[in-house]
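Architecture at a glance
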Amino acid sequence: MKRMILIIAALAFALTGCAGMGPDEENVTTPANDVKKILVAQVNGDTFELSPENSETIRQFLCDDDWMPDATKCESDYIVTLDGRTICYHSECGTFNEQLKESDRSFRLSETDRETVNAIIQSLFSPD
């Protein structure tokens, strides 16, 4: 009986205890409008902001679970900044390197994905 009362009390709290703690309805945004911007810079160069569509494309690659637990020795030519993270990118081989407090890690794109990322990045920079 005590168990049943505790379960009912927990459900009642869950349903009413957090009322009013969420965002105001007028401040709620749809996921499509909630894409955070990604900045891309050439190493020792200018920084540009990606469009929301291109930011989402790059974000999908960087959220992949196939990161390796070590950074590569690639000479990065771009720096990608998102969500407080700084990730180096080598466009020739399609490798992202990220230095973390705990360890370094890297992620290599497929050839098709590398071409996609390079096209997005190169659209930001005018040829020399």
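Quick note: structure is the one above.
Residues numbered from 1 in each chain as written. Predicted model: local features only at pLDDT ≥ 70, side-chain atom pairs only at ≥ 80, totals over all residues. Heavy atoms only, no water.

**Describing unusual backbone geometry**
Even without being glycine, Asn44 reaches a positive phi, approximately 60°. In this fold, Asn44 is placed in the loop between β1 (39-42) and β2 (47-49). One non-glycine residue, Asp83, lies in the positive phi region at around 50°. Structurally, the position occupied by Asp83 is in the loop between β3 (78-82) and β4 (85-90). (Helix = DSSP H or I, 4+ residues; strand = E, 2+ residues; numbered from the N terminus.)

**Some points on the packing of helix α2 (residues 52-62) against helix α3 (residues 111-122)**
It is at 11 Å that the axes of α2 and α3 come closest, and there the two elements cross at 145°. Considering only the axes of α2 and α3, their crossing is left-handed. When α2 is examined against α3, the residues Asn54, Thr57, Ile58 and Phe61 are found in contact with a partner set consisting of Asp113, Thr116, Val117 and Ile120. A per-class count over the contact of α2 with α3 returns four nonpolar, three polar and one charged. (Axes fitted to C-alpha atoms, helices over the stretch in contact; angles between N-to-C directions. Left-handed = near helix turned anticlockwise from the far one by under 90°. Contact = heavy atoms within 4.5 Å. Nonpolar A, V, L, I, M, F, W, Y, C, P; charged D, E, K, R; others polar.)

**Digging into the side chain of Asn97**
Checked against the element boundaries, Asn97 lands in strand β5 (residues 95-99). Take Asn97: its relative accessible area is 8%, and that puts it in the buried class. Among the polar contacts made by the side chain of Asn97, one reaches the main-chain amide nitrogen of Thr72 at a distance of 2.8 Å. Leave out the neighbours within four places in its chain, and Asn97 touches Ala71, Thr72, Cys74, Ser76, Ile87, Cys88, Arg105 and Ser106. (Buried < 20%, exposed > 50% of the residue type's maximum accessible area, 1.4 Å probe, protein only. Polar contact = N/O pair within 3.5 Å; in protein donor to acceptor, adjacent residues only side chain to side chain.)

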